[in-house]
Amino acid sequence: MKHTWTLAILLLLLAALPCSANEIAAQIDKQLASILPEGTAATTPCDEATFLRRVSLDLIGRIPTAAEAQAFASQKTATARAEAIFELANSPAAAQRLATFVRSLWFPQTSVAPYEYLAPDTEAWVAQQLRRGEPLNEIARQLISVSYAPHTGAGQNEALLSVPKTIIEANDHRPERMAANATGEFLGVDLSCAQCHDHPFHAWSQDQFWQTAAYFEPLKSGETAHDAWQKQTIAIPDTDRTVSPALFTGESWSPKVAPATAISGREVFAQWVSQQSNRYFARWTVNQLWAELLGQPLVTLHPEQFSPAAREETLEFLSGEFVKHQFDLRWLASTIVATQAYQAKSLAASSIEGEYPYVQVRGLTGPQLFDSLSVAAGRPPLRTDLDSAETIGRRSDFVAAFPAYRTVDAQRSATQALALMNGPIVEQFCVPQSNPLVQGLAAAPFLSEEECVSSLFWSTLGRAPHDEEWKRLSQHGFLQEDADTRARRLSELFWVLINTVEFNTNH
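What counts, and where the lines are drawn
Residues numbered from 1 in each chain as written. Predicted model: local features only at pLDDT ≥ 70, side-chain atom pairs only at ≥ 80, totals over all residues. Heavy atoms only, no water. Helix = DSSP H or I, 4+ residues; strand = E, 2+ residues; numbered from the N terminus. Buried < 20%, exposed > 50% of the residue type's maximum accessible area, 1.4 Å probe, protein only. Contact = heavy atoms within 4.5 Å. Areas by Shrake-Rupley, 256 points an atom, 1.4 Å probe, with all protein chains shown as cover. Expected span 1.5 Å × (residues − 1). Arc of directions from axis to C-beta. 1 Å grid on protein atoms, 1.4 Å probe; cavity = no way out; pocket = protein on both sides within 12 Å on 5 of 7 lines; lining within 4 Å. Points joined across faces, edges and corners; volume = space filled by probe spheres on them. Nonpolar A, V, L, I, M, F, W, Y, C, P; charged D, E, K, R; others polar. Salt bridge = Lys/Arg side-chain N within 4 Å of Asp/Glu carboxyl O.

(A) Here's a closer look at the overall build of the protein. Per the secondary structure count, the protein includes 26 helices and 4 strands. Counting over 507 residues, the protein shows a buried share of 49%. For the protein, the share of sequence-separated contacts (at least 6 apart) that also reach a separation of at least 24 residues comes to 69%. Carbon and sulfur atoms provide 55% of the accessible area of the protein, an area that totals close to 24700 Å².

(B) Here's a closer look at helix α19 (residues 389-401). Here α19 spans 19 Å end to end across 13 residues, near enough to the 18 Å set by a 1.5 Å rise per residue. Within α19, the full set of buried residues consists of T391, F398 and V399. For α19, the buried positions fall inside an angular range of 100 degrees around the axis, keeping them on one side. Away from its buried face by more than 90 degrees, α19 exposes A389, E390, D397 and A400.

(C) Structural context of the layout of surface pockets. Of the voids in this model, the largest pocket is the one considered here, and its volume is about 1700 Å³. Within the residue set of the lining of the largest pocket, elements represented by two or more residues are α3 (48-60), α4 (66-74), α5 (80-89), α6 (92-106), α7 (119-131), α18 (366-376) and α19. Its residues placed into classes, the lining of the largest pocket shows 24 nonpolar, 12 polar and 14 charged.

(D) Structural context of the pattern of salt bridges. According to the stated counting rule, one finds 20 salt bridges in the structure shown. Of the charged contacts, one joins D58 and R362 as a salt bridge, the two residues approaching to 3.0 Å between their closest N and O atoms. Taken as a pair, D58 in helix α3 and R362 in strand β3 (residues 362-363) lie far apart in primary sequence, 304 residues in all. Beyond isolated ion pairs, a larger network of salt bridges with shared partners links R279, R283, E312 and E316.

(E) Just the environment of L36, in detail. With respect to the element layout, L36 can be found in the loop between α2 (21-32) and α3. With a relative accessible area of 14%, L36 lands in the buried category. Sequence separation between L36 and G354 is 318 residues; the distance between their C-alpha atoms is 7.8 Å. Beyond its immediate stretch of four places on either side in the chain, L36 contacts A41, A42, T43, Y356 and Y358.

(F) Up close: unusual backbone geometry. Cis geometry is adopted by the peptide bond preceding P114, which originates at A113 and carries an omega value of 5 degrees. In this structure, P114 sits in the loop between α6 and α7. At D238, a residue that is not glycine, the phi angle is positive and equals roughly 65 degrees. Turning to its location among the elements, D238 is positioned in the loop between β1 (234-235) and β2 (242-243). The exposed category is assigned to D238, whose relative accessible area is 85%. Positive phi, normally seen in glycine, also occurs at Q326, with a value near 55 degrees. Note that Q326 resides in the loop between α15 (309-324) and α16 (329-337). With relative accessibility at 46%, the residue Q326 sits in the partly exposed group.

Fair warning: the whole summary comes from geometry, so function is off the table for now.
What follows is the structure, given as structure tokens:
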């Protein structure tokens, strides 16, 4: 009998454990299978080279090195993809890549002037929290509740003092702008349309907008009462009305407040945003990360469009699992890229029909493009703590010409296409003197021309040339046995490869 009870308790404990990323991914694929096109039993998986390139760009922000691509291609095991996902998602580079996603999601205004100066410190701090394993809801709580006011409450420490004040500075210290930022970019709820007046077709009222803004009014100097935040008021412009803090959802909710401690309205709102039962935060994060990794959200954000029930159910299910996994953003990214939907052959957005969320061909963001060019040229990935100011500045100049930080926004303009073909920074990657890969190949007499060309393909496209490509390379003189012109020929071929659609897109 004793053993029976022990076994029962053990089974209960196992049932309470969160499922792995692969188990959740399998359940998602099962849910989405119901909306596959008629007559389609399953998605067609992409080839191994495409998978590694795609998942490397999405999880660590750059293409794989030639050595990484060749090592992965040589693996023939059934678990190779899962092992690659685990390794990439748990690397330090993944924290930085996810920090870029979080910063551009929560503070999109910091991607452009005049607030772009806030981006580096914000990303660095978020990346540091992710490396420490900090839950995303806790990171959000700290970023929303941060204040210039001196803290005297319990729990204050040096770590809190280092939290970037992005929400304040990127919104010019204005409560109404901070409120719109916190609801729109952290929760996916756009209250700003009601800022000036009630709208006959909008879900939110002007009072609800300003009641949210009231949370962001600073406490009066010297205020110490623990319920002081409830007495904060804000005047609605061009009216004679003032309002106090109130949640736009209409729910009654009480924050956790230490005894004899004054808490600001912003801290109260941050607690509410980050609590586990807040359905907006998890759903918004999951939907946006899905869009980042597959090119389209699970559920449409257009107010006049509806999503299929299978997509709605998948979003609810994955959001619930995200909460169960303590808002672990690395786990969420690992789970999404483990699905068959993500690992299927990609399609151009214009060619997708039906309700299934196929992965779309996406453009590379500025950071992805620069870091991939560096890797392709045989340079080590840039380190802001080790590389020179000149190198970091060159990357910043390049990224400024490609301002999209999210893959769903990355579209190539004519100016950007010209910059890739003739821009000064790209030119530096192509000349033999500043391209370590071309330099090394040109100075290796023991390598044949075919071996040199193959190395360029592995470094830029993550694969060997196809048969038809070998024929064209020969026709255009790239396989010519001439040591004196090898460096020039290889640098020209490098330029050709980095200007292909295959290099310039995440497919």
